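Chain by chain, the residues:
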Amino acid sequence: MGVVAATAGTPLALTASAVTVRAQTPAPAAPPPLEALETLTAAESDILEAIVARLIPTDENGPGAAEARAAHYIDRALAGPLSASRRAYAAGLAAVGAYAQSANAAPFATLVAQDQDAVLSDIEKNVATGFAPNSSTFFNLVRTHTIQGMFSDPYYGGNANFVGWDLIGYPGLRMAVTEDDQRMSVKPTPNRRSAYDVEMFAKKGGGHGHKP
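Here is what the cut-offs are and how they apply
- Residues numbered from 1 in each chain as written.
- Predicted model: local features only at pLDDT ≥ 70, side-chain atom pairs only at ≥ 80, totals over all residues.
- Heavy atoms only, no water.
- Axes fitted to C-alpha atoms, helices over the stretch in contact; angles between N-to-C directions.
- Helix = DSSP H or I, 4+ residues; strand = E, 2+ residues; numbered from the N terminus.
- Parallel < 35°, antiparallel > 145°, perpendicular 65-115°, else oblique.
- Contact = heavy atoms within 4.5 Å.
- Nonpolar A, V, L, I, M, F, W, Y, C, P; charged D, E, K, R; others polar.
- Expected span 1.5 Å × (residues − 1).
- Core = buried A, V, L, I, M, F, W, Y, C linked by side-chain atoms within 4.5 Å.
- Buried < 20%, exposed > 50% of the residue type's maximum accessible area, 1.4 Å probe, protein only.
- Left-handed = near helix turned anticlockwise from the far one by under 90°.
- pLDDT = per-residue confidence, 0-100.

Student: I'd like to hear about the packing of helix α5 (residues 113–124) against helix α6 (residues 135–151), residue by residue, with values.
Tutor: The N-to-C vectors of α5 and α6 enclose an angle of 115°; their axes lie 7 Å apart at closest approach. The angle between α5 and α6 falls in the class roughly perpendicular. Counting all contacts with α5, which are made through L120, D122, I123 and E124, the residues of α6 involved are S135, S136, F139 and R143. Across the contact of α5 with α6, the residue classes tally to three nonpolar, two polar and three charged.

Rendered as structure tokens:
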């Protein structure tokens, strides 16, 4: 399964072995949206929240996509830069729900982590039915956007509290680099600032009209 996890030696690893699933461990409940949904329906949001939480799970390495609010990033982006993918999400999330129901007789968001992973594995491998053009296309779409929501600038709605940057050790934007910084002798202190907190990067016209 093409799950995403951070390991001690590799900040970002797209490997199945990187995630350990405890048998019959309940999947974490989808957190309620901190802001009103902009694009997705409540039912779609529940499924997407559960999916992203398994693609980049919370584990001993730190918070995952649920804490980073990757689903919120996707919901917001579907109203703007990712609007061309809105129909794919509507059809794909419905297909995830239908496949989970047929395979497990329960909604995807209520399944234990092990069963959610089994459904997602089938989707990635094109075993799951009911998807157009195929299930792996939808899997790769959501995985790509989940990674964006985990590690992009918080300005865009994901990477909440900079958990993605902290996970991979990215200290944030630096407008000046000292000699000590260049020597890399000391780990840089995270500045925990969005690039758009810097005046020279402010977008004219108020940007996309949102705050992180």
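Still to come is the rest of the account.
Student: Could you give me a rundown of helix α4 (residues 86–104), with the residues and numbers involved?
Tutor: When the terminal C-alpha atoms of α4 are compared, their 27 Å separation across 19 residues agrees well with the 27 Å that a helix rising 1.5 Å per residue should span. In the segment just after α4, A105 is the residue with positive phi, at about 55°.

Student: Mind laying out the nonpolar core, listing which residues take part and the relevant values?
Tutor: One finds L48, I51, Y89, L93, V96, F108 and I123 to be the most contacted residues of the largest nonpolar core, which totals 37 residues. For this core, the secondary structure elements donating two or more residues are α1 (42–55), α2 (65–68), α3 (70–77), α4, α5 and α6. I51 has contacts with L93, V96, F108, L120 and V142, leaving out every residue within four places of it along the chain.

Student: Residues and numbers for the packing of α4 against α5, please.
Tutor: Where α4 meets α5, the axes come as close as 11 Å, and the angle between the chain directions of the two elements is 120°. Judged by the angle between their axes, α4 and α5 are oblique. Between α4 and α5 lies a crossing of right-handed hand. Listed contacts from α5 to V96, Y99, A100 and N104 of α4 are D115, V119, D122 and I123. Classifying every residue of the contact of α4 with α5 gives five nonpolar, one polar and two charged.

Student: Lay out the confidence of the model for the protein with the relevant residues and their values.
Tutor: In this model, the protein carries an average pLDDT of 82, and 78% of its residues clear a pLDDT of 70 or more. Here residues 1–26 is a poorly scored stretch, pLDDT under 50, and it has 52 contacts once near neighbours within four places are set aside; other chains count.

Student: Lay out the environment of F151 in plain terms, naming residues and giving numbers.
Tutor: As for its position among the elements, F151 is in helix α6. Of the residues examined, F151 reaches a relative accessible area of 14% and is grouped as buried. Through-space distance from the C-alpha of F151 to that of L167 is 9.0 Å; in sequence the pair is 16 residues apart.

Student: Talk me through unusual backbone geometry; I want residue IDs and the actual numbers.
Tutor: Of note, the amide linkage connecting A132 to P133 takes the cis form, showing an omega dihedral of 0°. Of note, P133 is situated in the loop between α5 and α6. You will see that R69, though not glycine, has its phi angle at about 65°, which is positive. Since its relative accessible area comes to 15%, R69 is described here as buried. The phi dihedral of N126 falls on the positive side, at around 65°, and the residue is not glycine. Within the element layout of this structure, N126 appears in the loop between α5 and α6.

Student: For the side chain of S85, give the residues involved together with the corresponding values.
Tutor: On the secondary structure map, S85 appears in the loop between α3 and α4. S85 gets classed as buried once you look at its relative accessible area, which sits at 15%.

Student: So what about α5? Which residues, and what values?
Tutor: Between the first and last C-alpha of α5 there are 16 Å, a value that for 12 residues agrees with the 16 Å anticipated at 1.5 Å per step. All buried positions along α5 are accounted for by A113, Q116, D117, V119, L120, S121 and I123. Here the buried face of α5 lies against α1, α4 and α6. Within two residues after α5, N126 carries a phi angle of roughly 65°, on the positive side.

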